[in-house]
Amino acid sequence: MSGPDGVDGHYNNTHRAFLQALLARQTITLADAKPLLASIQTAHTPDRPTLPEDVSQEDFDNYVHTLNDSLSPFDMEIRTEEIAFVKRVLDAMFETYNTPRAEIMAITSMQALKLAKAPAEERRREGQGTQQATQPANTSIRMADAENILSLLVDEGWFQLSQKGFYSLSPRALMELRGWLIETYNDQAAQEEDSDEEEEGARVKIKFCAACRDIVTVGQRCPNRQCNARVHNHCVRTLFRAQGGREECPACKTAWQDPLPVGENAARQSGGAGSRRTIGGSSIGGGGRDDSSLTIGAEDG
């Protein structure tokens, strides 16, 4: 192809015209590209007309490579912003809403959408260095994009959305992200996966079922808040049978009476929206049954 502007690898108006044609066609073959590129190049340099037979495979490849090189930074930035949003949601699940007082490990739709806008300064974990250079300065996304991402994560089985409007990690996500979750949210020297004890002052956000050893995000916790023992609702009977019928904590031996909830029911117990406080056995505020009081035999929500 004649002319230095069309094939020198520098993005110019000919590449913009070719990109617009690609967006309209979705796909294109070399045979279709030859007359198209010839017309574009002729319009760009009318004093040097280009014929379809002048367009070679190399010319076509050069256009494609130049487009890829020019567009890839934008594509990477979009993906990085989406990943940063998902990371903020996970941080909210396993840090912000996972405290000694209330291990909710879930986030409401409203709380999740508020995370579409990145904070002025991204929170930094203890011991973590500065942000990587590849992360854009502003990782905020539009509210509509946040809704689409959350919906996609639910559709693809990574998140689950409860009837009460809480997002949490699905069993599939807990299984496939197990190693990453432990590495990210637990102090590595603090706790072994087969132990329910932790060193003083250690950070252990991810805890395991005393019966099946899987991660617990919905279930029960020892009535002793200082104890790390957790169990899935559906594993309670199995645990007690393994203990010879003793209904006590497998770690600290506290009687397993009125265990604290793990999961979205912990939000109500901690005094969040829709919570109920009890005085003298009567409930104040809100109607209906309080599922957080269920213990043995309850199903995971």
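Residues numbered from 1 in each chain as written. Predicted model: local features only at pLDDT ≥ 70, side-chain atom pairs only at ≥ 80, totals over all residues. Heavy atoms only, no water.

A word on the packing of aromatic side chains
- A full pass over the atoms with the stated rule returns 5 aromatic pairs.
- Taken together, a centroid distance of 5.6 Å and an interplanar angle of 75 degrees make the contact between Phe-18 and Tyr-63 edge-to-face. Of this pair, Phe-18 sits in helix α2 (residues 13-25) while Tyr-63 sits in helix α4 (residues 57-96); the two residues are 45 residues apart in sequence, bridging distant segments of the chain. Taken individually, Phe-18 and Tyr-63 each receive the classification buried, so the pair is uniform in this respect.
- When the ring of Phe-159 is compared with that of Tyr-167, the centres are 6.4 Å apart and the planes differ by 55 degrees; the resulting orientation is tilted.
- Exposure remark for Phe-159: the relative accessible area of 5% places this residue in the buried category.
- Note on Tyr-167: relative accessible area 9%, which makes it buried. (Phe/Tyr/Trp six-rings, centres within 6.5 Å; stacked < 30°, edge-to-face > 60°. Helix = DSSP H or I, 4+ residues; strand = E, 2+ residues; numbered from the N terminus. Buried < 20%, exposed > 50% of the residue type's maximum accessible area, 1.4 Å probe, protein only.)

Looking at the confidence of the model for the protein chain
- Residues of the protein chain with pLDDT of at least 70 account for 71%, and the chain-wide mean is 78.
- The element-level mean pLDDT for the protein chain is lowest in strand β8 (residues 282-284), coming to 31, with strand β5 (residues 230-231) highest at 97.
- Scored below 50 in pLDDT, residues 2-7 makes 17 contacts in the model with residues more than four places away or belonging to other chains. (pLDDT = per-residue confidence, 0-100. Contact = heavy atoms within 4.5 Å.)

A word on the environment of Ala-211
- Here Ala-211 shows up in the loop between α8 (178-185) and β4 (219-221).
- Contact partners of Ala-211, with chain neighbours within four places excluded, come to Cys-235 and Leu-239.

Here's the deal with the side chain of Thr-217
- Mapped onto the secondary structure, Thr-217 falls in the loop between α8 and β4.
- The exposure class assigned to Thr-217 is buried, which follows from its relative accessible area of 7%.
- Setting aside anything within four residues of it in sequence, one finds Thr-217 in contact with Phe-94, Ile-104, Met-105, Leu-174, Val-262 and Gly-263.

Quick look at the sheet that holds strand β6 (residues 260-262)
- Strand order across the open sheet formed by 3 strands is β5-β4-β6, with antiparallel pairing between neighbours. Whereas interior strands pair on both sides, the edge strands pair on one side only; in this sheet they are β5 and β6.
- By the bridge criterion, 3 bridges tie β4 to β6 in an arrangement that is antiparallel. Among the inter-strand pairings, Gln-220 is bridged to a residue of β6, identified as Pro-261. (Pairing = 2+ DSSP bridges.)

Notes on the sheet that holds strand β3 (residues 166-169)
- Reading across the sheet, the 3 strands line up as β1-β3-β2 and stay open at both edges, with antiparallel pairing between neighbours. The open sheet has two edge strands, β1 (107-108) and β2 (159-161), and neither has a second partner.
- Pairing of β1 with β3, which is carried by 2 bridges, proceeds in the antiparallel orientation. Bridge pairing in β3 places Ile-107 opposite Tyr-167.
- Helix α6 (residues 143-155) rests against β2 and β3 of the sheet, and its axis sits at about 100 degrees to β2. (Axes fitted to C-alpha atoms, helices over the stretch in contact; angles between N-to-C directions.)

A look at the pattern of salt bridges
- Under the definition given, this model contains 8 salt bridges.
- One salt bridge connects Asp-214 with Arg-178, and the closest N-O pair in it is separated by 3.8 Å. Of the two residues, Asp-214 sits in the loop between α8 and β4 while Arg-178 sits in helix α8, which places them 36 residues apart along the sequence.
- Look at Asp-214 and you get partly exposed, because its relative accessible area is 42%.
- Salt bridges sharing partners connect three or more residues here, namely Glu-103, Lys-207, Arg-221 and Arg-230. (Salt bridge = Lys/Arg side-chain N within 4 Å of Asp/Glu carboxyl O.)

Thoughts on the side chain of Ser-168
- Inspection of the secondary structure puts Ser-168 in strand β3.
- Every residue in contact with Ser-168, bar those within four places of it in the chain, is listed here: Met-93, Met-105, Ala-106, Trp-158, Phe-159 and Gln-160.

Things to note about unusual backbone geometry
- Even without glycine at this site, Arg-213 takes up a positive phi of about 70 degrees.
- Structurally, Arg-213 can be placed in the loop between α8 and β4.
- A positive phi is found at Lys-253, a non-glycine position, where the angle reads about 70 degrees.

Section: the state of the cysteines
- Under the defined criterion, the tally for this structure stands at 0 disulfides.
- You can see Cys-212 has no disulfide; the closest cysteine sulfur is in Cys-209, sitting 3.7 Å from it.
- Here Cys-252 stays free of any disulfide, with the sulfur of Cys-222 as its closest cysteine sulfur at 3.6 Å. (Disulfide = S-S within 2.5 Å.)

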